[in-house]
Amino acid sequence: MTMNNTEKSSIKKEEAEDEYISSEIMKRRWVPSVFKSTSWECFQFAGYEIKITEATDCYGAYVWPSALVLCYYLEHSQKENSLIDKNVIEIGSGTGLVSIVAGLLGSNVTATDLPHLLGNLQYNISRNTKLRSKYQPRVKELSWGVDLEKNFPKSDCHYDYVMAADVVYSHPYLDELLMTFDHLCQDDTIILWTMRFRLEKENAFVEKFQCLFDTEVIYDLPILQIKLYKAQRKALCPGKMITQGSERELKH
């Protein structure tokens, strides 16, 4: 099937936009210090230089490109998605870059991750938000799917935004991750989630996610192999309803 000139022009425009946005995003990161077991990198977001300490021997303590994509979007979408005075939780915060940028943009942030990552996470957040942010971000342990109601009771925890960057990859906790998204979201909560596409198993997660959430692709960046999703809970969806510790089929 031959494309007409309008279709060709549209494809070239999309490719040019992808190249421009991808280039602009990666410019926000520059060369780290001498590479050691612990290294650091600098980033420029929200009008600040952000210095992040990383650990090269730990997957969760490195800043992946998906985090930069999400930070870029947060910075450039403030007119339509102002974060000022919004309650935000980030899951899988890692080094804390997304939580730091969200905090610098005026939100009240809770950054979460596994226990062994919290020390570095707290260090990065404190050094980059102290005397800069309206609210001092909090750091809290969160193991996906574990004691969610106990540690994040729905009656007390209302989040305007749930954010996540590169939490979907080849690990055995994808069902628990979906359960965590489901628990933290109320009807008006907005999810902002960046994902780098790798393997079919990870890509299949999107289908399960879309059963629970109305999903829109905000950025599709083939050069980086990353998509940014914006999502909100569906009122009711046939299929599976995720509950802590179990899955059950909805009756039609």
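This is a predicted model, so every value here is computed, not measured.

Draft legend 1. Spatial organisation of the sheet that holds strand 8 (residues 190–196). Overall, mixed pairing links the seven strands, which are arranged 6-5-4-7-8-10-9 in an open sheet. The sheet terminates laterally at strand 6 (138–141) and strand 9 (213–221), the two strands that pair on one side only. With strand direction ignored, the average angle separating the axes of adjacent strands in the sheet is 20°. Taken together, the four bridges between strand 5 (residues 108–113) and strand 6 define a ladder with parallel strand orientation.

Draft legend 2. Up close: the packing of aromatic side chains. Within this structure, the stated rule accounts for 10 aromatic pairs. With centroids separated by 4.7 Å and ring planes inclined at 70°, the aromatic side chains of Y62 and W64 adopt a geometry described as edge-to-face. Take Y62: its relative accessible area is 29%, and that puts it in the partly exposed class. Judged by centre distance (5.8 Å) and plane angle (90°), the rings of Y73 and Y219 are edge-to-face. Of this pair, Y73 sits in helix 2 (residues 65–76) while Y219 sits in strand 9, and the two are 146 residues apart along the sequence. Owing to a relative accessible area of 11%, Y219 belongs among the buried residues under this scheme. For K140, the ring lying beneath its charged end belongs to F152, and the centroid distance is 4.3 Å.

Draft legend 3. The arrangement of the pairing of strand 10 (residues 226–233) in detail. Note: strand 8 against strand 10, seven bridges, orientation antiparallel. Within the sheet, the bridge partner assigned to I190 lies in strand 10 and is Q232. The hairpin turn running from strand 9 into strand 10, its antiparallel successor, is four residues long, and Q225 in that turn takes a positive phi close to 60°.

Draft legend 4. Summary view of the layout of surface pockets. The calculated volume of the second largest pocket comes to roughly 190 Å³. Every residue lining the second largest pocket is listed: E14, E15, E17, D18, I21, I218, Y219, D220, L221 and P222. Every element with two or more residues in the lining of the second largest pocket is listed here: helix 1 (5–26) and strand 9.

Draft legend 5. Here's a closer look at the nonpolar core. If you look at the biggest cluster of nonpolar residues, it comprises 40 residues, and the most contacted ones within it are F45, I50, L74, L97 and M163. With eight residues, helix 2 is the single largest residue contributor to this core. Membership of the second largest hydrophobic core comes to 29 residues, among which are W144, V168, L184 and M195.

Draft legend 6. Spatial organisation of the packing of helix 3 (residues 97–104) against helix 4 (residues 118–129). Packing of helix 3 against helix 4 leaves a shortest axis separation of 10 Å and a crossing angle of 25°. As the angle between them shows, helix 3 and helix 4 are arranged roughly parallel. Where helix 3 crosses over helix 4, the two elements pack in a sense that is right-handed. When helix 3 is examined against helix 4, the residues S99, I100 and L104 are found in contact with a partner set consisting of N124, I125, N128 and T129. Residues that form the contact of helix 3 with helix 4 fall into these classes: three nonpolar, four polar and no charged.

What counts as what
Residues numbered from 1 in each chain as written. Predicted model: local features only at pLDDT ≥ 70, side-chain atom pairs only at ≥ 80, totals over all residues. Heavy atoms only, no water. Pairing = 2+ DSSP bridges. Helix = DSSP H or I, 4+ residues; strand = E, 2+ residues; numbered from the N terminus. Axes fitted to C-alpha atoms, helices over the stretch in contact; angles between N-to-C directions. Phe/Tyr/Trp six-rings, centres within 6.5 Å; stacked < 30°, edge-to-face > 60°. Buried < 20%, exposed > 50% of the residue type's maximum accessible area, 1.4 Å probe, protein only. Lys NZ or Arg CZ within 6 Å of the ring centre and 35° of its normal. 1 Å grid on protein atoms, 1.4 Å probe; cavity = no way out; pocket = protein on both sides within 12 Å on 5 of 7 lines; lining within 4 Å. Points joined across faces, edges and corners; volume = space filled by probe spheres on them. Core = buried A, V, L, I, M, F, W, Y, C linked by side-chain atoms within 4.5 Å. Parallel < 35°, antiparallel > 145°, perpendicular 65-115°, else oblique. Left-handed = near helix turned anticlockwise from the far one by under 90°. Contact = heavy atoms within 4.5 Å. Nonpolar A, V, L, I, M, F, W, Y, C, P; charged D, E, K, R; others polar.

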